[in-house]
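Fold and contact review
In case you want the letters, here they are:
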Amino acid sequence: MRRRAVIAGAGSAMLATQAGAAESTRIPADLPDGTQAIAEFADLPGKRRLLRLTGRPPNYASPIDVFTEAVTPNDRFYIRYHLPGVPSDGDMDNWSLSIGGDAVTHPNRLKLSDLLDMPSNEVLAVCQSAGNRRGFIDPHVAGVQWTDGGMGCAVWRGPALRDVLKAAGVTSGALEVWFGGNAEPPGVATPPYRKSLPMDKAMDGDTIVAIAMNNAPLPLLNGYPARLVVPGWAGDYWMKHLTAIEVSQSPLNTVWMREVCRVPSGLFAAERPFPSQAAGTTVPVTGLPVNSVIAEPLDGDEVTRYGFDIKGVAWDRGAGINRVEVSLDGGRTWQDALLDRPLGPYAYRRFILQTGPLHPGPFRLLSRATSLTGDKQPVRFKANPGGYNNNVPHPISVTVT
Ligand SMILES: Nc1nc2c(c(=O)[nH]1)N[C@H]1C(S)=C(S)[C@@H](COP(=O)(O)O)O[C@H]1N2
Ligand SMILES: [Mo]
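Residues numbered from 1 in each chain as written. Chains lettered and ligands numbered in written order. Predicted model: local features only at pLDDT ≥ 70, side-chain atom pairs only at ≥ 80, totals over all residues. Heavy atoms only, no water.

Some points on the overall build of the protein
For the protein, the helix and strand inventory stands at five helices and 28 strands. Taken over C-alpha atoms, the radius of gyration comes to 21 Å for the protein, in line with the 21 Å a tight globule of 401 residues would show. Considering only C-alpha atoms, the protein reaches an extent of 70 × 40 × 40 Å along its principal axes. For the protein, with 401 residues in total, the buried portion stands at 55%. Contacts spanning at least 24 positions in sequence make up 69% of the contacts within the protein whose residues lie at least 6 apart. For the protein, the exposed surface amounts to about 16700 Å²; the carbon and sulfur share of it is 52%. (Helix = DSSP H or I, 4+ residues; strand = E, 2+ residues; numbered from the N terminus. Rg over C-alpha atoms; globule rule 2.2 N^0.38 Å. Buried < 20%, exposed > 50% of the residue type's maximum accessible area, 1.4 Å probe, protein only. Contact = heavy atoms within 4.5 Å. Areas by Shrake-Rupley, 256 points an atom, 1.4 Å probe, with all protein chains shown as cover.)

Now the structure itself:
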């Protein structure tokens, strides 16, 4: 089915960014009607023109045009919260991070200045909601109706989690590391957001307690003053406003581990399984599936018959991107796009395809990435009840004039 882009009310003019590229002002037409009706571009403190999908809890998508670049600016980086309460700057005044649990010998408490004093790591990594692109699944699946913008790529900096843990003396009985974040306001019935990681992922030097994002303090809504960064793994592990770490001999038993963000066992290849959280017929989402997005032109654009550039980014769980192909005819034929140099295994890899002259008329653009381990974006969505890991190529309709 070919759908026309809906132009969003007030901001419908095509604005020019500093780079001169088009800024997306459109709400994707393939989102469900209910989301169409309420979605709009909005500003929040420290943020500029994000696509509001739900206000309470705050879920705001990045606009698709930011994905022509490998690094997503802080003020355009998406926001995702499970619970309605959002911390204010004031709530973070007396922030500290406790490290404890039944598998450490020396529990302790760190202040922001302690984290600043520790040796730090830097990693360019994609944070992507496991529900990214849920809004495009047909038939629609319940949950936040994410567009392509439930993700971003930033330079994260802070001490490696393993260094933070070492200081507390991890014992040999350690099975998982549990994470807690901001306290929810009174009156919220949902249990607090609490997640865990298996020891091997927690002790990987690339898993960090980030205190900087793109060389600036974390924006409040992206987890100020410290958040967990788990390169290659879905965003739900990336605990914001991190306040408590417990190294534990047992599996964390919260609805957030046991019921949410789970997929049928064996449906998705996970680089690193999470055995202590496998239960019944499901496993937690972990590694990001190979994926790509076209950020230019935008859906509904008119493009010139003399040829135009198709640009976007591709990423995966950290194997690295080997190839991106682009189709101009809805997936009948494919051409190899040019890849920019890799910026690290967990980063976006930019691609570009310059078309030749084309006949006027409608065109349906798709991109399809293959990783260095041979994983390729599938033709059909691997259906699962939560609508996670949608990495099916998403069509962009343009008219050549
Ligand atoms: N404290 C807290 N941290 C959280 C969440 C949350 O609801 N509360 N949501 C998680 C999910 S599901 C995602 S996808 C990422 C989103 O990160 P962002 O809001 O910085 O884009 O944060 C994670 N960390
Ligand atoms: Mo998420």
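Topic: the sheet that holds strand 20 (residues 291-296)
The antiparallel open sheet is built from four strands, whose spatial order is 20-22-26-25. At either margin of the open sheet sits one strand with a lone partner, and together these are strand 20 and strand 25 (338-339). Taken together, the two bridges between strand 25 and strand 26 (residues 349-354) define a ladder with antiparallel strand orientation. Bridging across to strand 26, L338 finds its partner in I352. (Pairing = 2+ DSSP bridges.)

Things to note about the site of ligand 1
Every one of the 18 residues lining ligand 1 counts as a neighbour, but Y78, H82, N222, R227 and K240 are closest to it. Backbone polar atom of H82 to an oxygen atom of ligand 1: 2.8 Å apart, as the coordinates give it. In this structure, a nitrogen atom belonging to ligand 1 sits 2.8 Å away from a side-chain N or O atom of N182. When the free accessible area of ligand 1 is taken as 540 Å², the share hidden by the protein chains comes to 98%. (Near = heavy atom within 4 Å. Polar contact = N/O pair within 3.5 Å; in protein donor to acceptor, adjacent residues only side chain to side chain.)

Description of the pattern of salt bridges
Within the structure shown, the criterion is met by 16 salt bridges. Residue E69 pairs with R350 through a salt bridge whose shortest N-O separation is 3.5 Å. Note that E69 is positioned in the loop between strand 5 (59-61) and strand 6 (79-80) and R350 in strand 26, a separation of 281 residues in sequence. Residue class for R350 comes out partly exposed when judged on its relative accessible area of 30%. (Salt bridge = Lys/Arg side-chain N within 4 Å of Asp/Glu carboxyl O.)

Quick word on unusual backbone geometry
Cis geometry marks the peptide bond from D138 to P139; its omega dihedral reads 0°. Along the chain, P139 turns up in the loop between strand 9 (121-128) and strand 10 (151-158). Put simply, E296 and P297 share a cis peptide bond, and its omega is 0°. Mapped onto the fold, P297 is located in the loop between strand 20 and strand 21 (302-303). For R133, which is not glycine, the phi torsion reads 70° and is therefore positive. Looking at the element boundaries, R133 is found in the loop between strand 9 and strand 10. R133 gets classed as buried once you look at its relative accessible area, which sits at 2%. Even without being a glycine, N389 presents a positive backbone phi close to 55°. You can see N389 is positioned in the loop between strand 27 (361-371) and strand 28 (396-400).

Comments concerning the nonpolar core
With 60 residues, the main nonpolar core has L115, W156, F179 and I245 as its most contacted residues. In this view, I245 contacts L97, S98, I99, G100, L161, V164, L165, V177, W178 and F179; residues no more than four positions away in its chain are not counted. With 24 residues, the next largest nonpolar core counts V126, M151, C153 and L298 among its residues. (Core = buried A, V, L, I, M, F, W, Y, C linked by side-chain atoms within 4.5 Å.)

Section: the layout of surface pockets
Reported here for the largest pocket is a volume of approximately 880 Å³. For the largest pocket, the lining is made up of 42 residues, of which D30, F136, P393, H394 and P395 are closest to its centre. A total of three residues in the lining of the largest pocket trace back to one element, the largest contributor, which is strand 27. Its residues placed into classes, the lining of the largest pocket shows 21 nonpolar, eleven polar and ten charged. (1 Å grid on protein atoms, 1.4 Å probe; cavity = no way out; pocket = protein on both sides within 12 Å on 5 of 7 lines; lining within 4 Å. Points joined across faces, edges and corners; volume = space filled by probe spheres on them. Nonpolar A, V, L, I, M, F, W, Y, C, P; charged D, E, K, R; others polar.)

Read these as spatial facts, not as claims about activity.
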